[in-house]
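# Coordinate analysis (summary)
For reference, the chains in residue letters:
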Amino acid sequence: MTASRLTPLQWLICAIAALGFAFDIYEILMAPLVVGPAIGELTGSKPGTPDFNYWVGMFFWVPALVGGAFGLVGGSLTDRFGRRRVLVWSILIYAFSAMAAGFSTNIYMLLVLRSTTFIGVFVEFVAAVAWIAEIFPDAGQREKALGYTQAFSSIGGVMVTGAYAIAVTYAQSFPAIAGSHAPWRYTLISGVIPALPLILIRPFLPESPAWQQKKAAGTLRRPSIAELFTPQLRRTTIVTTLMFAFAYGAAFGAIQQMPRIVPGLAEVRVLPPQQQQQTASLVQAYQEFGGLAGRFLLAGLALYIVSRQKLIRTFQIPGLFVMVFVFYYAATHSLEMTKWGMFFAGVFTVGQLSFWGNYLPRVFPTHLRGTGEGFAANIGGRMMGTGFAFVTT
């Protein structure tokens, strides 16, 4: 039986979810672009010194740790109060926190506001995945909706790379902030963009039918983290949490460190500081386009490869070889090899992140969907996985 066409309302829902996913990554991937200049300005530390490396680790890990803890709570709130309400408020929280971070006057203020940004981002992911999964009862439409809306995450990565390049190039034309024209501040402020259309569209967004029906009938059971470790769900919870941790470990421990590695290449080291930043942004763009290709590849393959194990291995096995090549050889020998290596690192690493967004709604029941997704994504990915940034800095 052929699935019916999407209704205008379903298209609107997909558009809002795609916007949310895009700016989730937009906010997160600001970090590797702005971390060096921000820490240098706010702490006075020089790159390569122990103090500088300490704050780099804190900048990557503390917001992710705080965001992960609140993201877990957000998963339970999503199950208790509804997908739409939590999704909308989470986007507003991360958008306005990102804007405020651009006006930070010290490193502690920046860490606090990056932490509230990550809280919104991590809660939004859980709410959006549960919302999309339940809006589309047809399995084929659900796979496509989850796959293609999550592909916009990598478009968000491309967007933030472009925003940073614009900020670097035209910083002197923008109003001064804290007495300077620092590109990292303008890049952070641009994170407010998703809040603007959302304020207008919010009244037209429906709640998840599956959640609303159970809520109205009084059959929606109260979510419990302990239930994730019952015999029926224990293995699923542990495996998905660990797999999320390893995927985020590769992203935070290696891929997001590349903008700091690029200026050390012999071809880049001789360039003026502005051109070094522009080159780092270009390499990041290669990775983001690779991630975009990987997410679309995952979305297409998910419709044809029935076995979820075969589907994830399609990305994991090549990814192992690509990551070793990029960071052991290319990143110390050639800018051109590094660019293309990062493209394929994006394909095979970032593509895995979309896999989990498609897979998790299948394995947790409605009353635990947000809680289960929140535990795997936040405890595994955002709290454990991001800790690899400390290992490599």
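Here is a short report on the structure shown in this document. Values in this document were obtained by computation on a predicted structure and should not be read as measured data.

Here we come to the overall build of the chain. Counting its secondary structure elements, the chain contains 17 helices and zero strands. The globule rule puts the C-alpha radius of gyration for 393 residues at 21 Å, and the 20 Å found for the chain is close to it. Along the longest, intermediate and shortest principal axes, the C-alpha atoms of the chain span 65 × 45 × 40 Å. Taken over 393 residues, the chain has a buried fraction of 56%. Partitioning the contacts of the chain with sequence separation of at least 6, the portion at a separation of at least 24 is 83%. Computing the positive centroid from 27 side-chain charges and the negative centroid from 15, the chain places the two 6 Å apart.

Moving on, we get to unusual backbone geometry. The backbone phi angle of Ala 178 is positive, close to 55°, even though this residue is not glycine. Residue placement: Ala 178 occurs in the loop between helix 6 (139–170) and helix 7 (183–189).

Going through the model one piece at a time under the given rule, you end up with two cavities of 30 Å³ or more. By volume, the largest cavity amounts to about 200 Å³. Residue lining of the largest cavity: 16 residues in total, with Ile 25, Leu 29, Ala 251, Gln 256 and Leu 353 positioned closest to the centre. Listed by contribution, the elements that provide at least two residues to the lining of the largest cavity are helix 1 (8–28), helix 6, helix 10 (234–253), helix 13 (273–301) and helix 15 (335–363).

Turning next to the nonpolar core. Ile 28, Ile 39, Phe 59, Leu 87, Leu 110, Trp 184 and Phe 244 are the most contacted members of the largest nonpolar core, which has 107 residues in total. It is helix 5 (residues 107–135) that provides the largest number of residues to this core, a total of 17 residues. Not counting residues within four places of it along the chain, the set of residues in contact with Ile 28 comprises Arg 114, Phe 118, Val 121, Phe 122, Phe 252 and Gln 256.

The next point concerns the environment of Ala 98. Positionally, Ala 98 belongs in helix 4 (residues 83–101). Judged by relative accessible area, which is 0%, Ala 98 ranks as buried. In contact with Ala 98, not counting residues within four places along its chain, are Glu 27, Thr 117, Leu 188, Ile 189 and Gly 191.

Rules used throughout
- Residues numbered from 1 in each chain as written.
- Predicted model: local features only at pLDDT ≥ 70, side-chain atom pairs only at ≥ 80, totals over all residues.
- Heavy atoms only, no water.
- Helix = DSSP H or I, 4+ residues; strand = E, 2+ residues; numbered from the N terminus.
- Rg over C-alpha atoms; globule rule 2.2 N^0.38 Å.
- Buried < 20%, exposed > 50% of the residue type's maximum accessible area, 1.4 Å probe, protein only.
- Contact = heavy atoms within 4.5 Å.
- Lys, Arg positive; Asp, Glu negative; His and termini not counted.
- Charge placed at Lys NZ, Arg CZ, Asp CG, Glu CD.
- 1 Å grid on protein atoms, 1.4 Å probe; cavity = no way out; pocket = protein on both sides within 12 Å on 5 of 7 lines; lining within 4 Å.
- Points joined across faces, edges and corners; volume = space filled by probe spheres on them.
- Core = buried A, V, L, I, M, F, W, Y, C linked by side-chain atoms within 4.5 Å.

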